[in-house]
Amino acid sequence: AYIVGGNLGSASGPYSNSMVAYDFATDSWSFKSNYPGTLSYYRTSFTLNGFGYVGSGVKLGPGGYTYYDTFYSYNPISDAWSPIPSYPGGSYAGMTSFVFQQQAFVGLGTDNSFNPNNAFFIYDPILGIWNPGPTFTNGPLRSHGVGLSTSSRAFFGTGYLSGNSLDDLWELTE
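Residues numbered from 1 in each chain as written. Predicted model: local features only at pLDDT ≥ 70, side-chain atom pairs only at ≥ 80, totals over all residues. Heavy atoms only, no water.

Draft legend 1. Region of interest: the pairing of strand β5 (residues 51-55). Counting buried residues along β5, four of its five residues qualify, which places the element largely inside the surrounding structure. Pairing of strand β4 (residues 44-48) with β5 involves five bridges; the strand directions are antiparallel. When the bridges of β5 are listed, Ser45 appears paired with Val54. Adjacent in sequence and paired antiparallel, β4 and β5 are bridged by two residues, among which Asn49 carries a positive phi angle near 55 degrees. Pairing between β5 and strand β8 (residues 71-75): four bridges, direction antiparallel. (Buried < 20%, exposed > 50% of the residue type's maximum accessible area, 1.4 Å probe, protein only. Helix = DSSP H or I, 4+ residues; strand = E, 2+ residues; numbered from the N terminus. Pairing = 2+ DSSP bridges.)

Shown next as structure tokens:
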């Protein structure tokens, strides 16, 4: 299990890029290489083929909020981060991500005008590219949702819309 930085107080920080890993065998935590991306919070993450992936997010600075589309992969064997192509749908925070059939689905969230995103893009780790994925048009758009999958089905849901909590769950159908 890993925890990667984020917001340690209020929207204006302080922020952290440190990463810690939990070792179940020794029941202990240890520090790993820091996340190389911009200090931010409301990032999204997923695990695929033994690598960790972290990206997007937002940071409040003197000029207002800045949103990010950058992503990085983490190799736990070498304890090293590498950049991957930026999320092609734009800069969002509070995105939902999940892995289904050896591909990562990343989408939803809100942009710097708090406009919700209805698109998913699919990351292919073998080719190292993002491809357009499904567009969610059947229910309320959202940020800070959850995603989960089994070997044959994928779901996403909950989260927030304009500050209101959502308690729904949707099945991915392509």
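Draft legend 2. Summary view of the packing of aromatic side chains. Summed over the entire model, instances satisfying the criterion amount to 21 aromatic pairs. On the basis of an interplanar angle of 80 degrees and a centroid distance of 6.2 Å, the ring pair of Tyr65 and Phe114 is categorised as edge-to-face. Of the two residues, Tyr65 is situated in strand β7 (residues 64-67) and Phe114 in the loop between β11 (103-107) and β12 (119-124); the sequence distance between them amounts to 49 residues. For the ring pair Tyr87 and Trp130, a centre distance of 5.5 Å and an interplane angle of 85 degrees mean the geometry is edge-to-face. Of the two residues, Tyr87 sits in the loop between β9 (80-84) and β10 (96-100) while Trp130 sits in strand β13 (residues 129-135), which places them 43 residues apart along the sequence. We classify Tyr87 as buried; its relative accessible area is 2%. A network of ring pairs unites the aromatic residues Phe46, Tyr53, Phe71, Tyr87, Phe121, Tyr123 and Trp130 as a single cluster. (Phe/Tyr/Trp six-rings, centres within 6.5 Å; stacked < 30°, edge-to-face > 60°.)

Purely geometric stuff here, so don't read any function into it on its own.
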